[in-house]
Amino acid sequence: MSWLVGFLLALIGLAALSVSMQKHQRQLYGAPLPASYSKAYRRGGSAFVAGAVLWCVLLFGWGQGLVIMCGIATVGSLLVIATMTLKPSVLRFVFRQPRA
Amino acid sequence: MKSLRQSMSWMHTWTGLLLGWILYFMFLTGSAGYYDTEIDRWMKPEQPAPVDITGDGSALFQMGIDYASAQAPQADSYFVIVPTNRTYSPYVSVGWQGTDEGGERVSGRAQLTADGQIVPDPRDTGGGQSLYQMHWTFHYIPRALGEFIAGLAAFFMFAAILSGIITHKKIIADFFTLRLSKGQRSWLDSHNVLSVMTLPYQIMITYSGLLFVGTLFFAPIIVAQYGVSEDARDALIEEVFGIGDEPERTGEAMDLTPIAPLIVEARKSFPNEPVSRLTVTNPGDATAHIQVFGTISEAIQRKAPSVTFNGVTGERLEEYPRGIASALDVIDTFEGLHEALFAGPILRVLFFLSGLLGGGMVATGLVLWTKKRRQKLSPGMSASKSLLVIERLNVGVVAGLPLGIAAYFWANRLLPLNLAGRADWEIHVIFLTWAAALTHSLIRGPKNAWVEQLAAAAALFILIPILNALTTDIHLGNTLPLPGRPGDWVLAGVDLWMVIIGAGIAYAARIASQKTQASPAAAKRTPSARRGRPLPPPQLAE
């Protein structure tokens, strides 16, 4: 269970970071999002990833915690990339486009 | 003059290509090594259920010592290992060595069940160990040469990683970028994504791999420092590893002290981990020593703490804790990371996946090399023979190796049990299958060979649990845990992994098949190609 929390934190963080990039915003929404959204996603994403690191380190110690974080980040980014490429609608659903 | 990035790009391309096939082999067989002991068990279906340790295991240690002393009363040393976790054999392992009356070195070992019965010899098999050790020994060549090649490949890989980081201009911006169906661009994206995603793992596994062969590559320095004699070797071992000469026997016969109190005492030094091993030096003599070890895989560092006792009085003599005080400790930490003995089931999955993704990174790099060269061809220009051969060999290597590994598992179940050199034949099956795949890819051409070989590998992997059910009792019907039945996750896990791996390869085969169907003209073999002449670019171009 503790693993899952760390993994979810990393997954949400990595997904937010990917959506904060203009090239992926074009891929998902057809146009870049307002700068404030990009900034919020970038900051939020970084905070979630940092939270995942902290969670792993607190739970498993510095040595194993960092190793586990690297593994979690690898699988997390694999999922984000696969979703972005094969099922972008999932990311569009999670990270809604702001209403005009 | 070339810029730094151009120079690095050149280095990345050529270091990757030169040893790419070897690196791919090392990644795949090395990844299998994360499940070496599990595969060992799966490949020895005749063996009884593993020993279940109760308490601190002192009864099992005492049983092992009693067995060794009965088998070899004059031995110079014994060891006993109990299965505290997956790193160790699932039974009580007992070993002894000494010299006979003629001065010849003699040794022996046995595996015992919890009630002291000898575990019967299983079928002659290479098991998970052969598959795992292959990633640095390459099986057919002398071990030292294998280590040298593995070290060289790791060196090139490290150079390729560093130059790849410098070459990749938008390493952060491209982190999540994967564009499919864009020909060469898709291969480049796949290569980048797989590389960057697993970068910490790649750096760790390569650097730690280099440390493993450090003594081989720095042999001249060691020789210059210590010399080449037997004494020089002993001096090196004593200085670096702290292993000194064993005490001389006095000839005064003394009984060994009971083991149980020593284990209790030793665990005061490492309370959070079980005792997994003990060694007895000079048993039955007044100079007897007993060294009690913790578990090697409890921490990242590949080193077990230990406490040494006087074997007669039980007096505590020395203690070797884990630490990060010396260069050797740093090496132990990196080697621990490389082997991942400390990893629990979930982290082990992550290591395994990272290893496979590393193999994917090398494979996409190899394909990318040929795609780039094809892209550079002007319209109407035919590809060189070397490019055509490399394209075909890439298929044979990349798709053929999984096929060979799947065939290894089939061989374990299908080769006659009384076949002479059976374990060797299992290994031969890997390489014969791989050679057949290479030949097939040369004959059929890349497009057809990708689909056919990936489909064959997928089928072989997916059918392994069925083959297992037809040939043994350790199939999923008996090993999957169910309500009221504990099952055996280790054996079930191997079968399930085979299905997962097979499904992954089947997906790759489907993509390859769709690409082939999308360009039927490309798949069609022309008379000129059959005669070995290059195909015109429009038919082979992506």
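The structure displayed is predicted, hence computed values, not measured ones. (Residues numbered from 1 in each chain as written. Chains lettered and ligands numbered in written order. Predicted model: local features only at pLDDT ≥ 70, side-chain atom pairs only at ≥ 80, totals over all residues. Heavy atoms only, no water.)

Draft legend 1. Fine view of the interface of chain A and chain B. Taken together, the contacts link 23 residues of chain A with 24 residues of chain B. With both sides pooled, the region where chain A packs onto chain B buries about 1,900 Å², and carbon together with sulfur makes up 78% of that total. If you sort the residues of chain A by the area they bury against chain B, Trp3(A), Thr74(A) and Ile81(A) come out on top, with a joint share of 27%. Run the count over chain A and chain B and you get 1 salt bridge. Here Asp174(B) and Lys23(A) are joined by a salt bridge, their closest N and O atoms 2.6 Å apart. On the surface where chain A and chain B come into contact, there are 4 residue pairs in polar contact (both at pLDDT 80 or more). Elements with a minimum of two residues in the side of chain A that touches chain B: helix H1 (2–19), helix H2 (22–29) and helix H3 (35–86) of chain A. (Contact = heavy atoms within 4.5 Å. Buried area = accessible area lost by both parts, 1.4 Å probe. Salt bridge = Lys/Arg side-chain N within 4 Å of Asp/Glu carboxyl O. Polar contact = N/O pair within 3.5 Å; in protein donor to acceptor, adjacent residues only side chain to side chain. Helix = DSSP H or I, 4+ residues; strand = E, 2+ residues; numbered from the N terminus.)

Draft legend 2. The nonpolar core, seen in detail. Grouped together as the largest cluster of nonpolar side chains are 105 residues, with contacts concentrated most on Leu131(B), Leu347(B), Phe351(B) and Phe409(B). Apart from the residues lying within four places of it in its own chain, the contact partners of Phe351(B) are Val67(A), Tyr34(B), Tyr201(B), Met204(B), Leu337(B), Ala340(B), Phe342(B) and Ala343(B). In this structure, Ile65(B), Ala72(B), Val80(B) and Ala110(B) belong to the second largest nonpolar core, which totals 31 residues. (Core = buried A, V, L, I, M, F, W, Y, C linked by side-chain atoms within 4.5 Å. Buried < 20%, exposed > 50% of the residue type's maximum accessible area, 1.4 Å probe, protein only.)

Draft legend 3. Geometry of the state of the cysteines. All names here are of chain A. Inspection of every chain in the model, using the stated rule, returns 0 disulfides over all chains. Looking at the unpaired Cys 56, the closest cysteine sulfur is the one in Cys 70, lying at 9.6 Å. With relative accessibility at 1%, the residue Cys 56 sits in the buried group. Residue Cys 70 is classed as partly exposed on the basis of its relative accessible area, which comes to 35%. (Disulfide = S-S within 2.5 Å.)

Draft legend 4. Seen up close, the packing of aromatic side chains. Residues and elements named next belong to chain B. Evaluated as defined, the whole model comprises 24 aromatic pairs over all chains. Pairing Phe 158 with Tyr 207 gives two aromatic rings, centres 5.9 Å apart and planes at 35°, and the pair type is tilted. Here Tyr 207 lies in helix H7 (residues 199–212) and Phe 158 lies in helix H5 (residues 143–167), a separation of 49 residues in the sequence. Ring pairs connect the aromatic residues Phe 25, Phe 138, Tyr 140, Phe 431 and Trp 434, which therefore count as one cluster. The ring of Phe 293 carries the charged tip of Arg 277 above its face, separated from the ring centre by 3.8 Å. (Phe/Tyr/Trp six-rings, centres within 6.5 Å; stacked < 30°, edge-to-face > 60°. Lys NZ or Arg CZ within 6 Å of the ring centre and 35° of its normal.)

Draft legend 5. Looking closely at a nonpolar patch on the surface. All names here are of chain B. Taken together, the side chains of Leu 145, Phe 148, Leu 152, Leu 216, Phe 217, Phe 218 and Ile 221 define a hydrophobic patch exposed on the protein surface, amounting to about 610 Å² of accessible area. Elements supplying a minimum of two residues to the nonpolar patch: H5 and helix H8 (214–217). In terms of residue count, H5 provides more of the nonpolar patch than any other element does, 3 residues in total. For Ile 221, the location among the structural elements is in helix H9 (residues 219–226). (Patch = residues over 30% accessible without salt bridge, like charges linked within 9 Å, V, L, I, M, F, W, Y side chains within 5 Å. Areas by Shrake-Rupley, 256 points an atom, 1.4 Å probe, with all protein chains shown as cover.)

Draft legend 6. Representation of the confidence of the model for chain B within the structure. All names here are of chain B. Per-residue confidence for chain B gives a mean pLDDT of 88; residues scoring 70 or more make up 94%. In the model, residues 522–542 has pLDDT below 50 throughout and makes 36 contacts with residues more than four positions away in sequence or in other chains. ipTM for the predicted complex: 0.93, alongside a pTM of 0.90. (pLDDT = per-residue confidence, 0-100.)

Draft legend 7. Structural detail: the packing of helix H16 (residues 422–444) of chain B against helix H17 (residues 446–471) of chain B. All names here are of chain B. In the contact formed by H16 and H17, the axes pass within 7 Å of each other and the chain directions differ by 140°. If you check the angle between H16 and H17, you find them oblique. As H16 runs across H17, the sense of the crossing is right-handed. Side by side, H16 and H17 meet where Ala 437, His 440, Ser 441 and Arg 444 of the first sit next to Pro 446, Asn 448, Ala 449, Glu 452 and Gln 453 of the second. The class makeup of the residues in the contact of H16 with H17 is 3 nonpolar, 4 polar and 2 charged. (Axes fitted to C-alpha atoms, helices over the stretch in contact; angles between N-to-C directions. Parallel < 35°, antiparallel > 145°, perpendicular 65-115°, else oblique. Left-handed = near helix turned anticlockwise from the far one by under 90°. Nonpolar A, V, L, I, M, F, W, Y, C, P; charged D, E, K, R; others polar.)

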